[in-house]
Amino acid sequence: MNSLSERPLTAMIDLAGPPPDCAAYGNAGGWEGTRKALKTLTPDEVISMVTRSRLRGRGGAGFPTGLKWSTVPKDPASERRKYLVANADEMEPGTFKDRILMEGNPLQLVEGMLLAGYAIQASHGIIFLRGEYFLAHQRLQHAIDEARHLGWLGENILGTGFSFDIDLHSSGGRYICGEATALLTALEGSRAVPRGKLPPSQISGLWGAPSVVNNVETLCNISHIVTHGPEWFDGLGTGTDSGTKVYGVSGRVCRPGFWELPMGTSLRDLIEVHAGGMKSGYALRALLPGGASTPFVDAADIDIPMDYDSIKKVGGRLGTGMAILLDDRTCPVGMLRNLEHFFAQESCGWCTPCRDGLPWVERLLDALEDGTGTEDDIEQLMRHARILGSPGRTFCAHAPGAMAPLASGLALFRDDFTAHLTGHGCPLHHAA
């Protein structure tokens, strides 16, 4: 067990056993934020606390949470329908942090949603869950049912007059549903395609009503901020960003897994200390620092802090904070081919550059891998990375995200691409 004061998100999580029930959750400090907020704070005061905590969205974009909430119309909940949606459609390759939080302590998410709902004066919350998360679904539904039975959800919570309830929705399963507006479209029962950015969903979202969409990890922080105060949360970070972060490492390390650490923990500490370093016989070559849709960071730059702004200095992006490592015995071209195959499959097909461009990128990488590629194929890959990776050329950020590893990979691993031409296929496969 972790200390609640230093590791608030994972302090109550013990993956060897079941998650805490309402009684155990309350004995460990749960529901204190709800009592404090509903009985002593106004909704605007809760928003102010979250704003002063400097909590940024943990889904990848890093948008200030308090600022997002502050743009919701101030009408009382009784005068206008409003929605709070938890984005639990965690389909980013290499990412599993939200799954751990939902399976390990689902009541933490329930309370975070309750407090967020109070802050924006929404009466209805929805968890949009990845369809393959069967255990998370079971535990979340049990937590919601128990909280409702004990009066933590439903009508007139704690006798304060505030009412809030949560529904659990399992996704049909598409990566694009992780994009907030496509998620809302899917909830309405339509094909999951993104919407225009204006008006924002905080003004007109689900069924035209004001709607806030927040990531699971973001919402799990709310009860701790309200309970302990924004200054406490701000002090948990070691760099420019506040709070803690659930980081993870996958690849050929001695101890792959996840850890809740202060925001700003360096990549070196994450890999060498917490993940135990590379396995014997393998050396780190590069990594994707925040899931499959982030640019590669070279192994020489692992002293950089893992926060939103610092990692940009080496061309990376924090994303989900779940690092995928590339070792010196894995082909970077083959790795990129696998990634682009995923992104090509998951295009919603709404806009032509993404629908047709991503499968073309996959075919070009296929040709390089099987020995039929040409120098012109590499030039075409660079052209696609430039065009599809430029914001504004596609309807949403799916194609730019897909091009992030490709563009950085073409820059870092150009010799490997050339070796696929001269060797008529992957040199590592031939050697094996």
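Higher on the page you've got the structure.
Calculation rules
Residues numbered from 1 in each chain as written. Predicted model: local features only at pLDDT ≥ 70, side-chain atom pairs only at ≥ 80, totals over all residues. Heavy atoms only, no water. Pairing = 2+ DSSP bridges. Helix = DSSP H or I, 4+ residues; strand = E, 2+ residues; numbered from the N terminus. Axes fitted to C-alpha atoms, helices over the stretch in contact; angles between N-to-C directions. Contact = heavy atoms within 4.5 Å. Buried < 20%, exposed > 50% of the residue type's maximum accessible area, 1.4 Å probe, protein only. Polar contact = N/O pair within 3.5 Å; in protein donor to acceptor, adjacent residues only side chain to side chain. Phe/Tyr/Trp six-rings, centres within 6.5 Å; stacked < 30°, edge-to-face > 60°. Lys NZ or Arg CZ within 6 Å of the ring centre and 35° of its normal.

### Side note on the sheet that holds strand S4 (residues 211-215)
Spatial strand order, S3-S2-S1-S4: four strands in an open sheet with parallel pairing. The open sheet is flanked by strand S3 (165-170) and S4, the only strands paired with a single partner. Taken pair by pair, the neighbouring strands of this sheet meet at an average axis angle of 20°, ignoring direction. As judged from the five bridges shared by strand S1 (residues 83-88) and S4, these two strands associate in the parallel manner. Each bridged residue has a counterpart across the sheet, and for asparagine 87 the counterpart in S4 is asparagine 215. Running over the sheet, helix H6 (residues 106-120) touches S1, strand S2 (124-129), S3 and S4 and is turned about 145° from S1.

### Observations concerning the sheet that holds strand S6 (residues 257-262)
Overall, mixed pairing links the five strands, which are arranged S6-S5-S9-S7-S8 in an open sheet. This sheet does not close on itself; its edge strands, each paired only once, are S6 and strand S8 (297-298). Bridge count between strand S7 (residues 284-288) and strand S9 (residues 322-327): four bridges; the pairing is antiparallel. When the bridges of S9 are listed, leucine 287 appears paired with leucine 325. Sitting on the sheet, helix H12 (residues 267-274) touches strand S5 (244-250), S6, S7, S8 and S9, and the angle it makes with S6 is about 130°.

### Structural notes on the side chain of histidine 124
With respect to the secondary-structure elements, histidine 124 resides in strand S2. Residue class for histidine 124 comes out buried when judged on its relative accessible area of 14%. A distance of 3.0 Å separates polar atoms of two side chains, one belonging to histidine 124 and the other to aspartate 167.

### Here's the deal with the packing of aromatic side chains
Tallied over the entire structure, the rule returns 10 aromatic pairs. Seen from their ring centres, tryptophan 31 and tryptophan 152 are 4.3 Å apart, and the 5° between their planes marks the pair as stacked. Placement of tryptophan 31 in the loop between helix H1 (22-27) and helix H2 (32-40) and of tryptophan 152 in the loop between helix H7 (134-149) and S3 is noted, with a sequence separation of 121 residues between them. For the pair tryptophan 31 and tryptophan 152, a shared accessibility class is recorded, and that class is buried. Measuring from centroid to centroid gives 5.2 Å for phenylalanine 296 and phenylalanine 413, while their planes differ by 85°, and the two rings are edge-to-face. Here the residue phenylalanine 296 occupies a position in the loop between S7 and S8, and phenylalanine 413 occupies one in the loop between helix H16 (398-412) and helix H17 (414-422), the gap between them amounting to 117 residues. Residue class for phenylalanine 296 comes out buried when judged on its relative accessible area of 3%. Looking at phenylalanine 413, the relative accessible area reads 2%, which means it is buried. For arginine 329, the ring lying beneath its charged end belongs to tyrosine 282, and the centroid distance is 4.4 Å.

These figures capture arrangement, not role.
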